Amino acid sequence: MLYKKTLHELIELVDRGEVKPLEVFESLLKRIKEKDEKINAYVNYFEEYEANDRVGILKGLPLAVKDNMHIEGKPTTCSSRMLSNFIAIFDATAVRKLKENGATFIGKTNLDEFAMGSSTETSYYGVTKNPWDTTRVPGGSSGGSAAAVASGEAIAALGSDTGGSIRQPASLCGVVGLKPTYGRVSRFGLVAFASSLDQIGPITRDVRDAAILMNIICGFDPKDSTSARVECEDFTRYLNQSINGMKVGIYEKSLMDCSQDVQVAMEESVRILESLGCKVSPIELPHAKYAVSDYYIIAPAEASSNLARYDGVKYGFRAEEFKDLKEMYIKTRWQGFGEEVKRRIMLGTYVLSSGYYDAYYLKAQKLRGLIKQDFDNLFKEYHCIISPTTPTEAFKIGEKADNPLQMYLSDIFTIPANLTAIPAISIPNGLSKNGLPLGLQIMADVFREDIIFKVASAFEREFNIRDKLPLD
Amino acid sequence: MVEKEEVQRVAQLALLEIEPEQMDKFSRQFNEILEYMEEINELDLSQCEAAFHITELKNVFREDKVEPSYNRDVILKNAPDSEDGAFRVPKVIER
């Protein structure tokens, strides 16, 4: 049952010569063939093991990648009809770094179309099911990656997070998901959604695996002009350390909007952190309640610009019948994009259009600065801030599909980290009454992933649900 | 309240089309979202600086160095239509 193991366990087994990476690949492939018809975590999985000759810490072990990042020679669909025939011609920098460290790949995971959604329901390739309860969503947009890791269809995966798209599905599927500081991981080769918010990060079964992948994918990249010139560090150094004396702020107001299950889980996590020697105190984030509005002005604005490139000329889908160039553009975009993508492009076009720019976009950028100030002030006093990752357990498939505003509000706790560029992790925080996973979010100041790893690792040692993952 | 004509105008700006039978639902949802966003008008933002970019990076330059690029034939394989090493599009110039 190699597919049940964590990445670091498998690295050790391969190191000791007890397991070959090909055996892990075959174990995963068998698991995918049994499970994926039901879960639909993958857009594409690979039948052939492509060995990696480079010697590296990943030892030839197979990983999964969200289908909005390029692996050269493989399709990148972004779960959209628009890119349904697109083959990547280069590696994303994060993928290249994984290859240089000995990784191989098992497949490309499903997402909300162009990563726009919180449930993986907007995928052109069908909804991904939550492996804990297949009548429920896995979250999104990296729902395929989270469901694959939780169900044993992947050992570990990459996701991308623009407003919570790594952390929210990690929370709803009972796994670990980290959004690094903006600029830590190169966005080169990640299909752009909202460029000032997008960030690649790991989705794994434990905190150590997240640290191992972060050690590899971080680092300056001249091909991403927003990439940060920050030294790479060994994040595994921060595991299993004492967090005695750490000052933790809890965003208590957030709990008012949460289900009772989530409130109880948060009380329990405060108790655990206190037992580990943390001083936990309530904090205020005066502008956080405006974060969803702020985000749904800024992200669609950037998306409307980024997605202007899909015109049926250079790559991707082109409509078959049209009478002139303009009609080709319109029909291509009308037929190639799904409803939610069109909605976001429209919202973005509206808030940027003349007469509305000052009323929406300019105000939103000012508000973004205020939200950032709230966090800057808090991090002078606190090492980290905790909140639930999501207000509720995984919701039912279809429950919010027809109500975009309700769907947007499910990202209320994750969005602030994207707006402010700070790193944030979601780790498992017990189960709801219905036996579904809940998540604890830990946020720290920019480039302070060290604090996140220390706290997450210490918390996980006291409290984890790994033995309950739906791996059987 | 954004009227349907305005929604149609935005669609044209974005080179999109809203199916006529979808228009009612689409503009209702569009308005619901914009109404929710009205909450930001509670705030006096007149004295705030706009945070157009959240990192402190400014003017990121690099050496103007020639490097090999991607293979043209490989790039054109992804094109819906191409000829003689170029993308082919419908005629845009009237004689």
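Located above this text is the structure these notes cover.
Residues numbered from 1 in each chain as written. Chains lettered and ligands numbered in written order. Predicted model: local features only at pLDDT ≥ 70, side-chain atom pairs only at ≥ 80, totals over all residues. Heavy atoms only, no water.

## Some words on helix α6 (residues 207-217) of chain A
Residues and elements named next belong to chain A. Most of α6 is tucked away, with 9 of its 11 residues classed as buried. Regarding α6, the residues found buried are V207, D209, A210, A211, I212, L213, M214, I216 and I217. Two to three positions downstream of the cap, the backbone nitrogen of R208 sits 3.4 Å from a side-chain oxygen, assigning the N-cap of α6 to D206. The first or second residue beyond α6 is G219, which carries a positive phi of 130 degrees. (Buried < 20%, exposed > 50% of the residue type's maximum accessible area, 1.4 Å probe, protein only. Helix = DSSP H or I, 4+ residues; strand = E, 2+ residues; numbered from the N terminus. Polar contact = N/O pair within 3.5 Å; in protein donor to acceptor, adjacent residues only side chain to side chain.)

## Brief notes about the packing of aromatic side chains
All names here are of chain A. The full count for this structure, using the stated rule, is 20 aromatic pairs over all chains. Both rings, one in Y310 and one in Y315, keep their centres 6.2 Å apart while their planes meet at 75 degrees; by these two values the pair is edge-to-face. Under the relative-accessibility criterion, Y315 is labelled partly exposed at 24%. When the ring of F459 is compared with that of F463, the centres are 6.0 Å apart and the planes differ by 85 degrees; the resulting orientation is edge-to-face. Taking the relative accessible area as the measure of exposure, F463 reaches 23% and is therefore partly exposed. By the ring-pair criterion, three or more aromatic residues cluster together here, those being F86, F114, Y310, Y315 and F337. One cation-aromatic arrangement involves K74 over F46; the distance from NZ or CZ to the ring centre is 4.3 Å. Positioned above the aromatic ring of Y315 is the side chain of K314, whose terminal nitrogen or guanidinium carbon lies 5.9 Å from the ring centre. (Phe/Tyr/Trp six-rings, centres within 6.5 Å; stacked < 30°, edge-to-face > 60°. Lys NZ or Arg CZ within 6 Å of the ring centre and 35° of its normal.)

## Topic: the packing of helix α8 (residues 291-306) of chain A against helix α10 (residues 339-352) of chain A
To describe two helices that pack against each other, one gives the angle between their axes and the distance between the axes. Residues and elements named next belong to chain A. Packing of α8 against α10 brings their axes to within 7 Å, and their N-to-C directions diverge by 100 degrees. In terms of axis orientation, α8 runs roughly perpendicular to α10. Along its contact with α8, which presents Y296, I297, P300, A301 and S304, the element α10 presents R344, I345, L347, G348, T349, V351 and L352. The class makeup of the residues in the contact of α8 with α10 is 8 nonpolar, 3 polar and 1 charged. (Axes fitted to C-alpha atoms, helices over the stretch in contact; angles between N-to-C directions. Parallel < 35°, antiparallel > 145°, perpendicular 65-115°, else oblique. Contact = heavy atoms within 4.5 Å. Nonpolar A, V, L, I, M, F, W, Y, C, P; charged D, E, K, R; others polar.)

## Side note on the nonpolar core
All names here are of chain A. Of all hydrophobic cores here, the largest spans 95 residues; its most connected members are L58, L98, I442 and F453. Not counting residues up to four positions away in its chain, the partners in contact with L98 are L58, L63, A103, F105, L158, L213, I216 and I217. Of all hydrophobic cores here, the second largest spans 85 residues; its members include V191, I297, Y360 and L405. (Core = buried A, V, L, I, M, F, W, Y, C linked by side-chain atoms within 4.5 Å.)

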